[in-house]
Amino acid sequence: MMSLNKSADDQPSIQQQPKSTTIIKYEKSSCLFCNEWFDAQTFTEHLIHCGQVLEECPNSCNVFIPRIRMRSHLKECPRSKQHLQRMSASMERLDQHADHRVQVLEQDITTIRSVLNEEIRQRLHLITDVGNIRKHNQVVEDWTKDTDDSLAELRQQLEEERAQRSFAAEQTQADFQYCCNITQSLKEQVEMKMNDLQQHINQLSSEVSFHQNQLNDNIMKLEEIVFENERLNRDKFVQIEQFLQEINEDIKTKLGTNDFATTKQATLDCEVKNVKSIVCETEERCDRLQNLVQDLDKALHQTMQSIADIENQLAMQQRIASVQNIRGHLIWRIKDYSKKLEEAKQYDTILHSAMFSNKAFGYALRLDIYLNGKGTWKGRNLIACLNVLSGEYDPLLTWPCRLQAEIIIRDQSGITLEGQDYVKTINVRKKSDDYIQSNQYFHIPHKVITSRNYLRNDSLFVEVRVLK
């Protein structure tokens, strides 16, 4: 007899060997002849009674017939007649025993069918599990491959990032060193300019002192000349009055002589004309002296303003490398407006705002205001313009410079809904740093400034907003 130990288990036990070899141990076996599945305990008994087991014909016809077909073969066997009588008795016993065995076999077949159905179900489950495992393994392999590719790409990116960061660090170090060198050179240049400006200011101060002393001397000489002319004029008038009295007396004493009176009258008229011409010349000289004093006073005031502007420029040069206002937005409070307006009317003074920039490392800007106007607008309007000054970062900027800004006179009413600011928009253009720009001026009438709440506590607020 032969048996084939195949498997059909619900949950086969799988043992993993070190070299990825899988050993599957099954708890059921199938018959080699009928292919039915049995437990290990009933398998041996089944082989004894299995109807599909081949047996040799007892009539010695050299034919192997399954047990279940042996009776039909014996009826058809050519050698059955010789042994028929001899085996009739045994066949009857076998028939009885076979009937009993058929019943048992039918019961066994029913059991085997149920077991076979269970084995098929378990095999389907096993096939399904194996397919799922294969799919899972394929997914795991794909995921592993993708993960390896991602890791390789990440490693490459990390290497590139590390190289870029090292290059950026070196570049930053070089830029920092360059900035330090530039700062040091700028500091030295600013110190040299400050020294030069200080010397220039000292020289201007000495010249102003000299001119002021000369002016004072000239004023004193002019006053002495004026006093002397006045004294001479008074003496002349006294002489004239005495001369007129003498003439009157002579006229009274010599009324009879008409020729002498006519001559005296002509002489008197000539003397009066001479005195009048002297008086006119004296008045003209006084007017010229007064105009000269006014011009000298005006020149002195302009010189003082120039010195103040130079000092302001020196202060600007000290902070030009680090302008604090870099947002393109300035609010300027002009205090003592009335006093500064009178100075502007008398001396044509110009007000300069603090320096600011349209952006970080941008153009250096300043607002200039003529409170009493300029040119044809003088005396009736406030004139202002926005200037582009020389800055530290001009070589790095785009030229020509084109900017647009709003100049706003702020309403100081303090009520947001009722407040109405005065807004003007101007364009600023400059060809290059060395090119003198043609400023665009805008005017605001004095009547507008004194109206509403633009002027309060003798202060005026002017706001500048750079649009682009």
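Here we summarise the structure given alongside this text. (Residues numbered from 1 in each chain as written. Predicted model: local features only at pLDDT ≥ 70, side-chain atom pairs only at ≥ 80, totals over all residues. Heavy atoms only, no water.)

## Details of the nonpolar core
One broad rule of soluble globular proteins: the nonpolar side chains tend to lie buried together. The following threshold applies: In these notes, a set of buried Ala, Val, Leu, Ile, Met, Phe, Trp, Tyr and Cys residues joined through side-chain atoms within 4.5 Å is what counts as a nonpolar core. Here the term buried applies to any residue with accessible area under 20% of the maximum for its type, exposed to any over 50%, and partly exposed to those in between, with areas from a 1.4 Å probe on protein chains only. Think of it this way: any DSSP run of H or I at least four residues long counts as a helix, any run of E at least two long counts as a strand, and we number them from the N terminus. Contact definition: two residues touch when any of their heavy atoms are within 4.5 Å.
Ranked by size, the top nonpolar core spans 33 residues in total, and within it Leu 365, Leu 367, Ile 369, Leu 371, Leu 386, Leu 460 and Val 462 carry the most contacts. Going through the elements one at a time, β8 (329–334), α5 (337–347), β11 (364–370), β12 (381–389), β13 (401–409), β14 (422–430), β15 (442–445) and β17 (459–466) are the ones with two or more residues in this core. The element best represented in this core is β13, accounting for five residues. Leu 460 has contacts with Trp 332, Arg 333, Ile 334, Tyr 337, Leu 382, Ile 409, Gln 412, Ile 449, Tyr 454 and Leu 455, leaving out every residue within four places of it along the chain. Listed in part, the seven residues of the second largest apolar core include Phe 38, Phe 43, Cys 50 and Val 53.

## Description of the pairing of β8
In plain terms, the rule: We call two strands paired when DSSP finds no fewer than two bridges between them.
Because side chains alternate across β8, one face comprises the buried residues Leu 330, Trp 332 and Ile 334, and the other comprises His 329, Ile 331 and Arg 333, none of which is buried. One ladder, built from six bridges, connects β8 with β17; its direction is antiparallel. Residue Arg 333 lies in a different strand from β17, and its bridge partner there is Phe 461.

## A word on α5
Rules: Comment: arc refers to directions from the helix axis out to C-beta atoms.
Buried within α5 we find Tyr 337, Leu 341, Ala 344 and Tyr 347. Along the axis of α5, the buried positions cluster into a sector of 155°, meaning they face one direction only. Following α5 by one or two positions, Asp 348 adopts a phi angle in the positive range, close to 55°.

## A few points about empty space enclosed by the protein
The probe, sized like a water molecule, is rolled over the atoms to show the empty space still left. Basically, it comes down to this: A pocket, in this scheme, is an open set of points on a 1 Å grid over the protein atoms alone with protein on both sides within 12 Å along at least 5 of 7 lines, while a cavity is a set where a 1.4 Å probe fits but cannot get out; residues line either one if an atom lies within 4 Å of a point. Grid points are joined across faces, edges and corners, and a volume is the space filled by probe spheres set on the points. Nonpolar residues are Ala, Val, Leu, Ile, Met, Phe, Trp, Tyr, Cys and Pro. Charged residues are Asp, Glu, Lys and Arg, and all others, Gly as well, are polar.
Within this structure, the stated rule accounts for two cavities of 30 Å³ or more. For the second largest cavity, the calculated volume is near 40 Å³. Forming the walls of the second largest cavity are Asn 233, Lys 236, Phe 237, Val 275, Ile 278 and Val 279. Looking at the lining of the second largest cavity, the elements that each hand over two or more residues are α3 (80–253) and α4 (258–319). When the residues that make up the lining of the second largest cavity are grouped by side-chain class, the tally is four nonpolar, one polar and one charged.

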